[in-house]
Amino acid sequence: MKKSYFKIAIKIIIGLVLLSLIFWAQSNRANHGGKGFGGDFTLTNHAGEAVTDKDFKDQYRLIYFGFTFCPAICPTELQRVATILNELGSLGEAIQPIFITVDPERDTPEMMKNYVEMFHPRLIGLTGTIEQIEQAKTGYNVYSKKVKDEEMSEYTVDHSSFIYFMGPDDTLLRIFKISDPTETIIKNVRGVLEKANPQ
Ligand code: NI
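Draft legend 1. The arrangement of the coordination of the nickel ion in detail. Protein ligation of the nickel ion involves Cys 70 (SG), Cys 74 (SG) and His 159 (NE2), the donor distances falling in the range 2.0 to 2.2 Å. Mapped onto the polypeptide sequence, the residues donating to the nickel ion form the spacing pattern C-x3-C-x84-H. Taken as a pair, Cys 74 in helix 2 (residues 73-88) and His 159 in strand 7 (residues 156-159) lie far apart in primary sequence, 85 residues in all. With relative accessibility at 0%, the residue Cys 74 sits in the buried group.

So this is what it looks like as structure tokens:
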């Protein structure tokens, strides 16, 4: 009797330790990032060339996932990325802005090229096969889902909307939300860049 209680207690303790380890790993990843965030990917840039995560590994980046047919949120957030870079002036030149599509079926490199040009001359658009995009999404914990409404001739895509601020060594520095004021983001990014390159 005593022995089986002991066994159950041990099992419960092991279960709790495992669960808290998983929670700790998840929250650590989301809140503090750390090196190696984003995972490996191979995608196609808006010039039609193959690129991988290694090409950007050592750069500061502002990364946004969305799609070119998005009616409101994506253009607003990409416009914000452009504003952030412009407001940072020469400091902003250290940052590579990247737009990754969650709608690779419609977002061909040519579509991406026409789209990114509307926002910022240095904005890179990345697309790929459905599998390649899934891999990139997984690395950044991005959610997206195709939605087809009976009344619409075209589908739309539900997706999470975050601006990922990445640093050298694939370090996740911050995740900015739609609700974060642009001024706050600029202040945060400027702080990081000035600390990295003291004048
Ligand atoms: Ni969107």
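Draft legend 2. A look at the nonpolar core. The biggest cluster of nonpolar side chains holds 47 residues, and the ones touching the most others in it are Leu 62, Phe 65, Ile 95, Leu 126, Tyr 140 and Tyr 164. Here this core takes 6 residues from helix 2, the largest share from any one element. Those residues in contact with Leu 126 that sit more than four places away from it in its chain are Phe 41, Leu 43, Thr 44, Asn 45, Val 51, Phe 56, Ile 98, Phe 99, Ile 100, Thr 101, Met 112 and Ile 133.

Draft legend 3. Inspection of the packing of helix 2 against helix 5 (residues 182-196) at higher detail. Here helix 2 crosses helix 5 at 50°, and the two axes come no closer than 10 Å. Judged by the inter-axis angle, helix 2 sits oblique to helix 5. Here helix 2 runs over helix 5; the crossing is right-handed. Contact residues: helix 2 offers Arg 80, Thr 83, Ile 84, Glu 87 and Leu 88, while helix 5 offers Thr 182, Ile 185, Ile 186, Val 189 and Arg 190. A breakdown of the residues in the contact of helix 2 with helix 5 according to their chemical character gives 5 nonpolar, 2 polar and 3 charged.

Draft legend 4. Up close: the packing of aromatic side chains. Tallying each qualifying case throughout the model produces 11 aromatic pairs. Taking 5.4 Å as the distance between ring centres and 90° as the angle between the ring planes, the aromatic pair formed by Phe 37 and Tyr 140 counts as edge-to-face. Of this pair, Phe 37 sits in the loop between helix 1 (2-32) and strand 1 (42-45) while Tyr 140 sits in the loop between helix 4 (130-139) and strand 6 (144-147), and the two are 103 residues apart along the sequence. Both residues of the pair, Phe 37 and Tyr 140, count as buried. Both rings, one in Phe 165 and one in Phe 176, keep their centres 6.3 Å apart while their planes meet at 25°; by these two values the pair is stacked. Residue Phe 165 is located in strand 8 (residues 163-167), and its partner Phe 176 is located in strand 9 (residues 171-176); the two are separated by 11 residues in the primary sequence.

Draft legend 5. Region of the structure containing the sheet that holds strand 8. Pairing in this open sheet of 7 strands is mixed, and the strands run 2-1-5-4-3-8-9 from one edge to the other. A single partner strand is all that each edge strand has here, and the edge strands are strand 2 (50-52) and strand 9. Across the sheet, the axes of successive neighbouring strands diverge by a mean angle of 35°, strand direction being ignored. Sheet analysis places strand 1 next to strand 5 (residues 124-127), joined by 2 bridges and oriented antiparallel. In the sheet register, Thr 44 faces strand 5, and the bridge partner there is Thr 127. Sitting on the sheet, helix 2 is in contact with strand 3 (60-66), strand 4 (95-101) and strand 8, with an inclination near 165° to strand 3. Strand contacts of helix 3 (residues 109-116): strand 1, strand 4 and strand 5, with the helix running at about 155° to strand 5, the strand carrying the most contacts.

Draft legend 6. Structural context of the environment of Tyr 140. Given a relative accessible area of 2%, Tyr 140 falls into the buried group. Placed 103 residues apart in sequence, Tyr 140 and Phe 37 show a C-alpha to C-alpha distance of 7.2 Å. In contact with Tyr 140, other than residues within four places in its own chain, are Phe 37, Gly 38, Phe 41, Arg 61, Ile 63, Phe 65, Tyr 164 and Met 166.

Draft legend 7. Representation of the layout of surface pockets in the model. Here the largest pocket is characterised by a volume of approximately 150 Å³. What lines the largest pocket is Val 102, Asp 103, Pro 104, Glu 105, Ile 130, Ile 133, Glu 134, Lys 137, Ser 144, Lys 145, Lys 146 and Val 157. Going through the elements one at a time, helix 4 and strand 6 are the ones with two or more residues in the lining of the largest pocket. It is helix 4 that contributes the most residues to the lining of the largest pocket, 4 residues altogether.

Reading the values: the criteria
- Residues numbered from 1 in each chain as written.
- Predicted model: local features only at pLDDT ≥ 70, side-chain atom pairs only at ≥ 80, totals over all residues.
- Heavy atoms only, no water.
- Donors = N, O, S within 2.8 Å, 3.2 Å for Na, K, Ca; no water.
- Helix = DSSP H or I, 4+ residues; strand = E, 2+ residues; numbered from the N terminus.
- Buried < 20%, exposed > 50% of the residue type's maximum accessible area, 1.4 Å probe, protein only.
- Core = buried A, V, L, I, M, F, W, Y, C linked by side-chain atoms within 4.5 Å.
- Contact = heavy atoms within 4.5 Å.
- Axes fitted to C-alpha atoms, helices over the stretch in contact; angles between N-to-C directions.
- Parallel < 35°, antiparallel > 145°, perpendicular 65-115°, else oblique.
- Left-handed = near helix turned anticlockwise from the far one by under 90°.
- Nonpolar A, V, L, I, M, F, W, Y, C, P; charged D, E, K, R; others polar.
- Phe/Tyr/Trp six-rings, centres within 6.5 Å; stacked < 30°, edge-to-face > 60°.
- Pairing = 2+ DSSP bridges.
- 1 Å grid on protein atoms, 1.4 Å probe; cavity = no way out; pocket = protein on both sides within 12 Å on 5 of 7 lines; lining within 4 Å.
- Points joined across faces, edges and corners; volume = space filled by probe spheres on them.

Keep in mind these numbers describe shape, not what the thing actually does.
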